[in-house]
Amino acid sequence: MSEPLIRAEHLVKYFKSNAGRIKAVDDVSFEIYPGETLALVGESGCGKSTLGRLIVRLLKADSGTVTLNGVDLGSLKGSALRKARQNMQIVFQDPFSSLDPHFTVGEVIAEPLRAAGVKKEERVQRVQQLMRRVGLQEEDYWRFPHQFSGGQRQRIGIARALAPEPQLIVCDEPVSALDVSIQAQILNLMRRLQAESKLTYLFISHDLAVVRYISNRIVVMFLGKLCEICPTKDAYEHPLHPYTRMLIDSAPEPDPDFDREDRMLLQGELPSPINPPAGCRFCTRCPYATDECRTVEPEMKDYGGGRLCACHHPLPQK
Amino acid sequence: MQSDNLIEVRGLRTVLPLKNKELAAPVDDIDLDIPLRKTVGLVGESGCGKSMTARSIMRLLDYPIHIQEGTIAFRREGGSEIDLAAISEKEMRGVRGREISMIFQEPMTALNPSITVGKQVREAITLHENISRSAAKERVIKAFYDVGIPEPEQRYHAYPHQLSGGLRQRICIAMAMVLQPAFLIADEPTTALDVTVEAQILALMKQLQQDNDMSILLITHNLGVVADICDEVNVMYAGQIVEHAEKAELFRRTLHPYTRGLMKAIPRVRGSMEGELYTIQGTVPSLSQMPTACRFCARCPYAQEQCRNEMPSLRDVGNGHLVRCFREVEP
């Protein structure tokens, strides 16, 4: 494989709360390769959005490093950091709160270019070009975000992310707030843009169906730790980690003849990230948990073919 | 009213005045049957009028939105029939919460943040029944137990913010179920929850329905949820029902171009993942500019002259399958 675009090593991020330290991201390592779509999946509260923000350094890690093209982002300051950030953009879930209501659409999209010091005439030209690429009309330039529907606003958010011509776009639940017919339009657009500009996506989502459609590889996260990293196809066809299997089995299937009895469903809810279970963090919800799981934390093991899994008792492979 | 129906909605039209004093109808000429002990799905995208239909049945419309036409026949406990669209607000208060109850999408906003969940559920009982506080508390704890809340005695004293989203939704379900209503309206009950918790809540609803001989109207945008727990399905588009069938029939013989589009637009967890996703072109017509012809014709790949001039009626094409479309269909 080629050199990774992003390499995250031993990332740790704890948050303080009245009840104690919340272990949002706890010793997480993985790579993102150029041109791929890496999906980051898990339940709400598992730390996937925090991890996304650590990667683009909207949050600073307590320890651990993120390198972009081999350069440690933690060592950068001032203009060097600003420069690096142009290479990493983010699209947020809620297209209603992530656009400044006082800016016109044109100004929203031009803002990252202005910050990068692009001259006004060039800015306008590039914004118009971007608007065409994401399927907005030219006359939308002078309209305000509130005049647009959710799907159109997400197009504006995508155009803004594309403006500084980044290599990586972190997409934090970009289609979760949209209706299915609009969701399909945005997913198709994202795929097309990726093919046109050789973009790399870190696609954060809890929707397993969307992830299967859009991603090449998948990272499964549970309570601040990674469970499994593998090609998307493997995760759906023969997962190694029981959590991966259960997450996929929970997804509702729009087919009445689908055999629902054969599914492995999760019981209970996410344990507290302040006092996570000892040993494997998944042990309290895992049907295969043994004493070993309750005491010894499993390490990430390489199973070949780009498949990594942290489990004492991985699922049998056909 | 047919003997196996709990609710029969006929010609329901709910309107709201626009700025120019004209009336717009987010719910227009809805016929809807809820058979006894069945789960009926109401599917559609945001703004199609599905929640407004439910709120019309519950008579929870915010002024100046009101029911302009139509009847909502409801079979009461003793067997007598009443028209929910015509009775007084005072009478409705005796029905709402007791014989018909509702759960909402967002369990955080549906609960009062400053009252313990136990007290909130207890209120639902004491509002309708003359019962001592301790007896009511016992019933609340039993209801918590029935919906699978662990440690119900301790949870009784918890505030909503101390509970997870899944537990909060269970509290809302307990509140809706505590008086054993004949009819439950669930408005996107799992949309705000994780898939793992969603599967648990759907299983719970199925089980409660069997235990209590209840009918459910499930409002959702998710066809996967429909395939999982519904018996019959109604698809809504721009304020109208455009297709109605039993679940298996609807998925096997999808007739309306809008329903077909919806089915093809969803990415699947299982099955093929090649190629582009199907998209429905264009957007839903706005309330103030509702076409008098077929409301889907501007987005429909099969639209013809007739579709642009006339409104299709909801016609029966066999097997109890209704569709609002002019296209010929094979039997």
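Numbers given for residues are sequential positions, taken from 1 along each chain in its written order. Each chain takes a letter, starting from A, and each ligand takes a number, starting from 1, following the order in which they are written. Local features are withheld for residues below a pLDDT of 70 in this predicted model, meaning they are given only at 70 or higher, and side-chain atom pairs are given and counted only at 80 or more; totals for whole chains, interfaces and linings count all residues. Only hydrogens and water are set aside; all other atoms, that is, all heavy atoms of the structure, feed into the side-chain values.

## Looking at the domain arrangement of chain B
Residues and elements named next belong to chain B.
So, step 1. For the domains described, the bounds stem from an automatic or database domain assignment. On domain assignment, one finds that chain B holds domain 1 (5–237) and domain 2 (258–331).
So, step 2. The distance between the C-alpha centroids of domain 1 and domain 2 comes to 29 Å.
So, step 3. Working rule for contacts: check all heavy atoms of both residues, and any pair within 4.5 Å makes them a contact. With twelve residues of domain 1 in contact, the opposing surface of domain 2 contributes 14 residues.
So, step 4. Here the quantity called buried area is the total loss of accessible area, with a 1.4 Å probe, experienced by two parts when brought into contact, counted for both. In total, about 1,100 Å² of surface goes out of reach between domain 1 and domain 2, with carbon and sulfur atoms giving 68% of it.
So, step 5. Interface area lost by domain 1 to domain 2 is led by Glu45, Leu223 and Tyr237, which between them contribute 54%.
So, step 6. Any Lys or Arg side-chain nitrogen located within 4 Å of an Asp or Glu carboxyl oxygen qualifies as a salt bridge. Counting across the interface, domain 1 meets domain 2 through one salt bridge.
So, step 7. The salt bridge partner of aspartate 28 is arginine 295, with a shortest N-O separation of 2.7 Å.
So, step 8. Side-chain atoms alone can form a polar contact between residues adjacent in sequence; in general such a contact is a pair of N or O atoms within 3.5 Å, and within protein one must be able to donate a hydrogen while the other accepts it. On the surface where domain 1 and domain 2 come into contact, there are three residue pairs in polar contact (both at pLDDT 80 or more).

## Observations concerning the interface of chain B and chain A
So, step 1. Taken together, the contact between chain B and chain A spans 38 residues of the former and 38 residues of the latter.
So, step 2. Summing the contributions of chain B and of chain A, the shared interface buries around 3,500 Å²; its carbon and sulfur component is 56%.
So, step 3. Scanning the region where chain B abuts chain A turns up three salt bridges.
So, step 4. The interface formed by chain B and chain A contains 14 residue pairs in polar contact (both at pLDDT 80 or more).
So, step 5. Each residue belonging to the side of chain B that touches chain A can be placed in one class, and the counts come to 17 nonpolar, twelve polar and nine charged. Under the grouping applied here, Gly and all other residues not named as nonpolar or charged are polar, the nonpolar ones being Ala, Val, Leu, Ile, Met, Phe, Trp, Tyr, Cys and Pro and the charged ones Asp, Glu, Lys and Arg.

## Let's talk about the packing of aromatic side chains
Residues and elements named next belong to chain A.
So, step 1. Any Phe, Tyr or Trp ring, taking Trp's six-membered ring, that has another such ring centre within 6.5 Å forms a pair; planes under 30 degrees apart are called stacked, those over 60 apart edge-to-face, and the others tilted. The tally for this structure, following the rule as stated, stands at seven aromatic pairs over all chains.
So, step 2. Here phenylalanine 222 and tyrosine 243 contribute two aromatic rings whose centre-to-centre distance is 4.8 Å and whose plane-to-plane angle is 65 degrees, an arrangement assigned as edge-to-face. Separated by 21 residues along the polypeptide, phenylalanine 222 in strand 9 (residues 217–222) and tyrosine 243 in helix 9 (residues 242–250) bring together distant segments of the chain.
So, step 3. In our convention, an over-ring charge means Lys NZ or Arg CZ found within 6 Å of a ring centre and within 35 degrees of that ring's normal. Lying over the aromatic face of tyrosine 213, arginine 191 brings its terminal NZ or CZ to 4.1 Å of the ring centre.
So, step 4. One residue, arginine 212, lies across the ring of tyrosine 236, its end atom 5.6 Å from the ring centre. Each helix is a run of H or I in the DSSP string that is no shorter than four residues. Each strand is a run of E no shorter than two, and both are numbered from the N terminus.

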